[in-house]
Amino acid sequence: GLERENLTLVSAMNTIEGKAYPAELGGFVARPRGVLAAGDLTEWGRPEEWRRWVTVFGKTGSEGALELPIFETVGNHDKVPGPWLEDEVAKRHGGRHYSWNWDDLHIASLGDGPDDAGLLWLVRDLDKLEADVPIVLYFHFPLDGENSTDNWFGLGTYRERLAKLLVGRNVIGIFHGHNHAWGTYLWHGIDVYDLGAVKDGPHIFTIVQVNDTTMQLATYNYDSRSFAWSHQKALPAPRPSH
């Protein structure tokens, strides 16, 4: 079932390099730097499910079927039996919340959603950056629309507090999962992207390409081997240094 579907997904990711982007974007897919997995790695958070997930996806691109590094975070399904799987992810990446840089791009992983500890961690993490550094955040729960108010993250003050702490930061995108859908919406002036899922609905993943001037996304349906949706936007010019 799902393990077979994940292996089909991995095969598509391993061979996406060199595919022609949709005509409205032009060009070809470069070799991806890595894969971001926005939660619900398992159905019920069971140890045997996690073991199978690690076997398929590995970590650095050499341990599993996936030939790219993967940077995962948890979703609500992973936390059904408690926080143990969150601890496993933390062991792999240095913490429940973690970040890294790909060249000038700063990426932060925030669990199923940034809770009190996550918001505190994020403030400290972003305070180390210059004001114009482009930032991408990702976590599991949506910020608006469908399924955004039926969970602890949507019911608390977390979203409002997140919006406040991101004011004045150069957040070029927030990615989430949960909805088994894809598309984009605006939240407090920030572009938010719903990235699709392996289970239910179309079998898709989204390729993101960022350079100094542009960010583009292309959602790839690996059943039909065709692109389903794309989005492109100009990025703010870096501020001159003094």
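Residues numbered from 1 in each chain as written. Predicted model: local features only at pLDDT ≥ 70, side-chain atom pairs only at ≥ 80, totals over all residues. Heavy atoms only, no water.

Participant: Could you clarify how one ought to interpret the overall build of the protein in this entry?
Facilitator: Regarding its fold elements, the protein presents six helices and eleven strands. Here the protein has a C-alpha radius of gyration of 17 Å; the compact-globule value for 242 residues is 18 Å, and the two agree. Principal-axis analysis of the C-alpha atoms places the extent of the protein at approximately 55 × 45 × 35 Å. Burial statistics for the protein: of 242 residues in total, 50% are counted as buried. Across the protein, the fraction of contacts at a sequence separation of at least 24, relative to all contacts at a separation of at least 6, is 58%. Taken as a whole, the protein presents about 11,700 Å² of accessible surface, with 52% of it coming from carbon and sulfur. For the protein, the separation between the mean place of its 22 positive charges and that of its 33 negative charges on side chains is 3 Å. (Helix = DSSP H or I, 4+ residues; strand = E, 2+ residues; numbered from the N terminus. Rg over C-alpha atoms; globule rule 2.2 N^0.38 Å. Buried < 20%, exposed > 50% of the residue type's maximum accessible area, 1.4 Å probe, protein only. Contact = heavy atoms within 4.5 Å. Areas by Shrake-Rupley, 256 points an atom, 1.4 Å probe, with all protein chains shown as cover. Lys, Arg positive; Asp, Glu negative; His and termini not counted. Charge placed at Lys NZ, Arg CZ, Asp CG, Glu CD.)

Participant: Hey, could you run me through the nonpolar core in this one?
Facilitator: One broad trend across soluble globular proteins is that nonpolar side chains are buried collectively. Membership of the largest hydrophobic core comes to 27 residues, with the highest contact counts inside it found for Phe57, Leu66 and Phe205. Among the secondary structure elements, those contributing two or more residues to this core are helix H1 (2–14), strand S1 (35–38), helix H2 (47–57), helix H3 (84–93), strand S9 (204–210) and strand S10 (214–221). In this structure Leu66 touches Val10, Met13, Asn14, Val35, Val56, Phe57 and Gly61, once residues within four positions along its chain are discounted. Judged by nonpolar contacts, the second largest core, of 21 residues, contains Leu122, Phe141, Leu162 and Leu166. (Core = buried A, V, L, I, M, F, W, Y, C linked by side-chain atoms within 4.5 Å.)

Participant: Would you take a moment to explain the side chain of His176 for this structure?
Facilitator: Tracing the backbone shows His176 in strand S6 (residues 171–176). Of note is the side chain of His176, whose polar atom sits 2.9 Å from the side chain of Tyr185. In contact with His176, not counting residues within four places along its chain, are Ala38, Phe139, His140, Phe141, Pro142, Leu143, Tyr185, Val192, Tyr193, Asp194 and Leu195. (Polar contact = N/O pair within 3.5 Å; in protein donor to acceptor, adjacent residues only side chain to side chain.)

Participant: Where do I start with the sheet that holds strand S3 (residues 98–102) in this structure?
Facilitator: Hydrogen bonding along the main chain pairs the strands of a sheet, whether they run parallel or antiparallel. Ordered in space as S3-S4-S5-S6-S8-S7, the six strands form an open sheet in which the pairing is mixed. Here the strands that pair on one side only, and so sit at the sheet edges, are S3 and strand S7 (182–187). Here the strands of the sheet are splayed against their neighbours by 20 degrees on average, with no regard to which way each runs. Across five bridges, the pairing between S3 and strand S4 (residues 105–109) is antiparallel. In the strand pairing of S4, Trp100 is matched with Ile107. (Pairing = 2+ DSSP bridges. Axes fitted to C-alpha atoms, helices over the stretch in contact; angles between N-to-C directions.)

Participant: Whenever I open this one, the pairing of strand S11 (residues 226–234) confuses me. Can you help?
Facilitator: It is a general feature of regular strands that their side chains alternate between the two faces of the sheet. As paired elements, S10 and S11 share eight bridges and run antiparallel to each other. The residue bridging Gln216 from the neighbouring strand is Gln232, located in S11. Between S10 and the antiparallel strand that follows it, S11, lie four residues; Arg225 among them carries a positive phi value of about 55 degrees.

Participant: I keep staring at the packing of aromatic side chains and nothing clicks. Help me out?
Facilitator: Between two aromatic rings, the relevant description is the distance of the centres plus the angle of the planes. On inspection of all chains with the given rule, the structure shows 17 aromatic pairs. Seen from their ring centres, Phe71 and Trp100 are 4.1 Å apart, and the 15 degrees between their planes marks the pair as stacked. Within this pair, whereas Phe71 is found in strand S2 (residues 70–73), its partner Trp100 is found in strand S3, the two being separated by 29 residues in sequence. For the pair Phe71 and Trp100, one class covers both residues: buried. Measuring from ring centre to ring centre gives 5.8 Å for Tyr98 and Trp100, while their planes differ by 20 degrees; the resulting arrangement is stacked. Here Tyr98 and Trp100 have matching classes, each one buried. (Phe/Tyr/Trp six-rings, centres within 6.5 Å; stacked < 30°, edge-to-face > 60°.)

Participant: Looking at this structure, how should I read helix H4 (residues 116–127)?
Facilitator: Since one α-helical turn is 3.6 residues long, residues separated by three or four positions face the same way. The end-to-end C-alpha distance of H4 is 17 Å, a good match for the 16 Å that twelve residues give at a rise of 1.5 Å each. Those residues of H4 hidden inside the fold are in contact with S3, S4, strand S5 (135–138) and helix H6 (158–166). Its side-chain oxygen 3.3 Å from the backbone nitrogen of Ala117, Asp115 forms the N-cap of H4. (Expected span 1.5 Å × (residues − 1).)

Participant: What is the right way to read the sheet that holds S10 from this model?
Facilitator: One open sheet holds the three strands; their spatial order is S9-S10-S11, and the pairing between them is antiparallel. Where the open sheet ends on each side, the last strands, each with one partner, are S9 and S11. Each strand of the sheet is rotated relative to its neighbour by a mean of 15 degrees, with strand direction disregarded. Pairing of S9 with S10, which is carried by seven bridges, proceeds in the antiparallel orientation. Looking at S10, one finds that Gln209 is bridged to Gln216.

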